[in-house]
Structure formats: C-alpha cells, structure tokens
Amino acid sequence: MATRGQFGSRLGFILAAAGSAVGLGNIWGFPTQAASNGGAAFLLVYLVLAFALAYPILMAELILGRHAHGNSVVALTRIAESSSTKAIGALTGLAGILVASSILSFYSLVSGWMLGFTASYPLEALGFTKEAAWLTDFSLSRNVILMTLFSAMTVGIVMGGVQEGIERWSRRLMPTLIVTLILLVGYVFSLDGAAEGLKVYLIPDISKIWSADLILSALGSAFFSLSLGVGTMLIYGSYISDEEYLPSIGAQVALIDVGIAVLAGFLILPAMYVAAARGVEIFDASGRLLSEDTLIFTVLPELFATLGVIGLIVATAFFFLMSVAALTSSISMLEVPVAFLTERFSWSRARAATTAGICIALLSGVIALNFESLFGFVIAASTRYGQPMLGLMLCIYTGWIWRRDSLLGELKKNDPDVASGLFWKIWPWYLRLVCPLVIGTILWRSLA
Ligand code: PFF
C-alpha cells in the first residue's frame, strides 16, 4: 500500500481544511441565501448553527480521522465493537463517499461556469466576442467542456498527494482568495448604493427567524459550508500529526470559514444595491431580492457592465475568486473517494484520482444532459438531506458508540490534561445529546 500522506505543518493543514470549507457555498451560497431569507435574520441563525452545531461535528470528524489515520469506512468500523455497529459504520462511510461524489458532480458543473465567466471578460475586451458569449451562455457543449476542464484541474492537484498537491496549492490559493475578496469588498463599498445593501444585510427582520424553511436552509448552508458529514474533514484530520491540539485547530478552520462567508455577504448584498442604484433590476415580480443563479450570472454582470474598464477588472477578479474558492473545495471532495481507493484497494494515487475523477465527471455529464430534472434534485438530496443525515450518524458514532476512554485517549495525545479542560467537559455530552436532537428535529420537520 502507498504510504499515507501527512500535512507538513499546522498552517498547511489549516489552509487546506479552510480551503475545503471556503468555496462556492461561502461566496455564492451564503450571501444569496441571506439575500432571499431576510438578510441579517439569516446571518444570525447561520452564525448560531455554525458554532453550536457545525463546529462540534467538525471536531468529531477531525478527531475520528486522526484516531483512525484512515478513511471514514476504516474510522467508523474501528471505533465500533459489535458486528452490527461495524457494518452500519462501514455503510455510513460508504454513503459519505457517495454523497461527496454527488456534491462534486454538480459542483464541477458550476465551477466550470466560473472558469468560463473568468475567461470571458478578457476575451471580450480583446474582441473575441463570439467566444466570450459561448463561455457565458448556457449550452450543453459549454457545460460539458468547462466541467471537464475543471475536473481535470482537480484530478491534477489531487494526484500530487497531500503535501505536494493539496497543501501546496491551498497555500497558494487561499491567500490569493482572501486578498481578492478584501479588495473587491473595499471597491464595492466606495460605490453609491452600497450603504443600502449593508442595511439589509445587518438589520435583522426578526419575524423571519423562526421560519422552518429559513432554519433548514441555514442548517444545510452551515453543513455544506463546513464540508461536513461526507468524510472530507475526517480524511483531512487523518493527515494531521498526533502532536497537534485539535480543538483549537478546528476552531480556527470554523472561524475562517464563517468569517469568509460573512465577508462575502459584505460584497454581494452591497453590490446588489449598487447595481440597483445604476438601474439594474434586483427584485423579482413578487418583490423578493433576486438570488442564486440570477444574482451571480445576471445581476452582477449587469453591474460590472456599468463600471466601464474597471468593471472588466472587477468582473475578472470576482469570477477568478469564485474559481479559486471552488478548486480548493473540489480537491477535498475528490480526496474522499481517492483516500478510500488507495487505502482499501492499495491503488496508486494517480490511478485512484483519475478513476474517481472520470466516474464523477461522467455523473456530471449525466446531470448536464438532464439538467432540468437532475441538477436541483442532486443538490437538494446531497446537501439538504444527505449531509445533515450523515452528520447525525457521526454524532451517534462519536458520542455513543466510541468508548469514552478511547476517545479521551485520542485527545490526550497532545494534551495530557484535556480531561480537566472546558472542551472535554462540554463537547462529548453536547455531541451526544444536543446535536442529534437539533439535527433530528430540523430534518424531521422538513420531511414532515
Ligand atoms: N464547503 C464547500 C463550499 O462551501 O463551497 C463545499 C463542500 C466541500 C461540501 C467539500 C462538501 C465537501 F465535502
């Protein structure tokens, strides 16, 4: 079997895990959902869920992964003692691989669009109008070709391995992403109309907070944003050295992720109102703010078009930012099946990455061919239901199935006094009781 990779440094791990977490979910999903769900009301619920629910589960994944030094199937069977819990653990791990692959299948399509929009602006400026239009107009050929390009980039990085591929690229891409985002926010703030958007973003419409739909969306958003449930964080955790103190590393990853989502809100909502001040329509017929794909692919490009030459630079920077964010996330999704294939079947990394990459790209192709019926369905099934359900299983396995002394032993590896600290006093029972109860209730309500 190929030797297991390991992150070279703490910063390398934090950037890679934050790279997985920070993606289209933060820069596109979170702000557009906030825009259509009462602005700050959504922000508030999201913040509460991210810290109260998502962080404890992130910790469960990291600790499980490092304990097993293996993929999620290995991790969940190792902590189980009876044959039935071992079997259910293995099935949960496999389901995670399936859900991670389904997420990647639609994610690659959307990321391909981001690549297309990034290239379209410079091309348009150079006079390649037809080519630029092909890159931005919806068509089967564009969807499939750009998706294939994006998938090839993902496979290329994952083939490089943990340190030479994932960590190296995360170290390059994450700082680029943060700087681009901050520059864009600064620029949008300087334009007329931005203050109006800030108000919508920051003053909560409290009446919306108890809407079941808002809570389910915010839960899905928080899970999706922190890449939870599917084993991504578990497998990244398995590449962390035993010397690292996990609770604080996990907290840093969660903080970066939430911080970037919130920061992206400072870009998107003000940008919408800047667009409105320039005569772009930002409300639909029923008076709701335009969101999701219309926002990103219609409202923002219309705004960029009103900004002249600067608009060209800002637009290219914006879609470049989206593409970078997407890439650091997609590599973490592909790593889930790749880790399984290399560990279970002793495949080489190159073989595992290309095989998994091709299978997932084929799935993306099927979605592209049946876009109307499959695209929304795969997103909802994998992120709204799949991720929270798998998160629930992880709580049960870490909280109830894993023997407490063994779990404590894992945490003691780098902190002998962990048992007397706050984390050990709160986290285990919280994971046993509060997390499953809340996730279960939200899921049950949404299915009922
Ligand atoms: N966290 C990523 C985002 O916010 O875009 C999406 C994601 C990555 C989901 C990895 C699931 C995953 F395993």
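Residues numbered from 1 in each chain as written. Predicted model: local features only at pLDDT ≥ 70, side-chain atom pairs only at ≥ 80, totals over all residues. Heavy atoms only, no water.

## Quick notes on the overall build of the protein
Inclusion rule: Helix numbers and strand numbers start at the N terminus; a helix is a DSSP run of H or I with at least 4 residues, a strand a run of E with at least 2. As defined in this context, the radius of gyration uses C-alpha atoms, and a globule is described by 2.2 Å times the residue total to the power 0.38. Throughout this description, buried means an accessible area under 20% of the type-specific maximum (1.4 Å probe, protein chains only), exposed means over 50%, and partly exposed covers the range between. Only the protein chains shown count as cover for residues, with accessible areas throughout obtained via the Shrake-Rupley method and a probe of 1.4 Å. Note that His is not counted, nor are the chain ends; the positive residues are Lys and Arg, and the negative ones are Asp and Glu. Charge coordinates come from a single atom per side chain, which is NZ of Lys, CZ of Arg, CG of Asp or CD of Glu.
Along the protein, the regular secondary structure elements total 18 helices and 0 strands. Its C-alpha atoms give the protein a radius of gyration of 21 Å, within 12% of the compact-globule value 22 Å for 448 residues. Oriented by its inertia axes, the alpha-carbon framework of the protein measures out at about 65 × 50 × 40 Å. Looking at the 448 residues of the protein, the share that counts as buried comes to 57%. As presented, the protein carries roughly 17500 Å² of accessible surface, and 67% of it is formed by carbon and sulfur atoms. Charged side chains in the protein number 25 positive and 27 negative. The centres of these two groups are separated by 9 Å.

## A look at a nonpolar patch on the surface
Threshold: Patches here are clusters of residues that have more than 30% relative accessible area and form no salt bridge, with a 9 Å joining cutoff for like charges and a 5 Å cutoff for nonpolar side chains (Val, Leu, Ile, Met, Phe, Trp, Tyr). When a carboxyl oxygen of Asp or Glu lies within 4 Å of a side-chain nitrogen of Lys or Arg, that pair is called a salt bridge.
Side chains of Ile-396, Trp-400, Leu-422, Ile-426, Trp-429 and Leu-433 sit close together on the surface and give an oily, nonpolar patch of about 620 Å² of accessible area. For the nonpolar patch, the elements supplying multiple residues, two or more each, are α16 (371-401) and α18 (422-447). A total of 4 residues in the nonpolar patch trace back to one element, the largest contributor, which is α18. Mapping Ile-396 onto the fold places it in helix α16.

## Observations regarding the site of the ligand
Rules: Any residue with at least one heavy atom within 4 Å of a molecule or strand is counted as near it. Between N or O atoms, a polar contact is any pair within 3.5 Å; within protein, one atom must be a potential hydrogen donor and the other a potential acceptor, and residues adjacent in sequence are included only when both atoms are from side chains.
Taken together, 17 residues lie near the ligand, and Ala-21, Gly-25, Tyr-107, Phe-224 and Thr-232 sit nearest. In this structure, a nitrogen atom belonging to the ligand sits 3.1 Å away from a side-chain N or O atom of Ser-227. When the free accessible area of the ligand is taken as 340 Å², the share hidden by the protein chains comes to 100%. When contributions to the shell around the ligand are tallied by element, the ones reaching two or more residues are α1 (10-21), α2 (24-36), α5 (83-125), α10 (212-225) and α14 (308-345).

## Some details on helix α17 (residues 404-412)
Stated precisely, the cut-off is as follows: Directions drawn from the helix axis to the C-beta atoms are what define this arc. It only takes one pair of heavy atoms within 4.5 Å for two residues to be counted as in contact.
Three or more residues of α17 are buried, namely Leu-407, Leu-408, Glu-410 and Leu-411. Burial along α17 is one-sided: seen end-on, the buried residues are contained in an arc of 155°. Against α3 (40-68), α12 (246-277), α16 and α18 lie the buried residues of α17.

## Some words on the nonpolar core
Generally speaking, soluble globular proteins have nonpolar side chains that are buried together. Inclusion rule: In this description, a nonpolar core means a group of buried Ala, Val, Leu, Ile, Met, Phe, Trp, Tyr and Cys residues linked to one another through side-chain atoms lying within 4.5 Å.
Within the largest apolar cluster, 164 residues are counted, with the highest numbers of intra-cluster contacts made by Phe-13, Tyr-236 and Phe-318. In this structure Phe-318 touches Leu-184, Leu-267, Ile-268, Ile-296, Leu-300 and Phe-304, once residues within four positions along its chain are discounted.

## Notes on the packing of α10 against α18
Threshold: Angles run from 0 to 180 degrees between N-to-C directions of axes, and those axes are lines fitted to C-alpha atoms, restricted for helices to the stretch in contact. Angles below 35 degrees are treated as roughly parallel, those above 145 as roughly antiparallel, those between 65 and 115 as roughly perpendicular, and all remaining angles as oblique. Rotating anticlockwise by less than a right angle from the far helix to the near helix defines a left-handed crossing, while the corresponding clockwise rotation defines a right-handed one. We call Asp, Glu, Lys and Arg charged. Ala, Val, Leu, Ile, Met, Phe, Trp, Tyr, Cys and Pro are nonpolar, and the rest, Gly among them, are polar.
Relative to each other, α10 and α18 sit at 125°, their axes nearing to 10 Å. As summarised for this structure, α10 and α18 are arranged oblique, according to the angle between their axes. Relative to α18, α10 is oriented so that their crossing is left-handed. Here Ala-212, Ile-215, Leu-216, Leu-219 and Phe-223 of α10 come into contact with α18, specifically with Ile-439, Ile-442, Arg-445 and Ser-446. Split into classes, the residues belonging to the contact of α10 with α18 amount to 7 nonpolar, 1 polar and 1 charged.

## A word on the confidence of the model for the protein
The cut-off we apply is this: pLDDT gives the predictor's per-residue confidence on a scale running from 0 to 100.
With 99% of its residues at a pLDDT of at least 70, the protein reaches an overall mean of 92. Within the protein, α10 has the poorest average pLDDT of any element, 81, and helix α15 (residues 349-369) the best, 98.

## Regarding the state of the cysteines
The condition that has to hold: The disulfide criterion used throughout: a pair of cysteine sulfur atoms within 2.5 Å.
What the rule picks out here adds up to 0 disulfides. Left unpaired, Cys-435 is separated from the closest cysteine sulfur, that of Cys-395, by 4.7 Å. With relative accessibility at 0%, the residue Cys-435 sits in the buried group.

## Brief notes about the pattern of salt bridges
Evaluation of the coordinates by the stated rule reveals 12 salt bridges. Taking the shortest distance from any N to any O, the salt bridge between Glu-244 and Arg-10 comes out at 2.8 Å. Of this pair, Glu-244 sits in the loop between α11 (232-238) and α12 while Arg-10 sits in helix α1; the two residues are 234 residues apart in sequence, bridging distant segments of the chain.

## Some remarks on helix α4 (residues 72-79)
Listed in full, the buried residues belonging to α4 are Ser-72, Val-73, Ala-75, Leu-76 and Ile-79. Down the axis of α4, the sector holding all buried residues measures 165°, keeping them to one side. Buried positions along α4 lie against α3, α5, α11, α14 and α16.

## Observations regarding unusual backbone geometry
With phi around 45°, His-69 is a residue other than glycine that occupies positive phi space. Along the chain, the position of His-69 falls in the loop between α3 and α4. Backbone geometry at Ser-227 places phi at a positive 55°, although glycine is not the residue there. By the element assignment, Ser-227 lies in the loop between α10 and α11.

## Observations concerning the environment of Ser-108
With respect to the secondary-structure elements, Ser-108 resides in helix α5. The spatial distance from the C-alpha of Ser-108 to the C-alpha of Arg-278 is 33 Å, given a sequence separation of 170 residues. Every residue in contact with Ser-108, bar those within four places of it in the chain, is listed here: Met-147, Phe-150, Ser-151 and Ser-364. A distance of 2.8 Å separates the side chain of Ser-108 from the backbone oxygen of Leu-104, its partner in a polar contact.

## A short note on the packing of α14 against α15
For the pair α14 and α15, the least separation of the axes is 9 Å and the interaxial angle reads 130°. Taken together, α14 and α15 sit at an angle that is classed as oblique. Of the two elements, α14 crosses α15, and the hand of that crossing is right-handed. Contacts between α14 and α15 involve Leu-334, Glu-335, Pro-337, Val-338, Leu-341 and Thr-342 on the former and, on the latter, Arg-349, Ala-352, Ala-353, Ala-356, Gly-357 and Ile-360. In terms of residue class, the contact of α14 with α15 is made up of 8 nonpolar, 2 polar and 2 charged.

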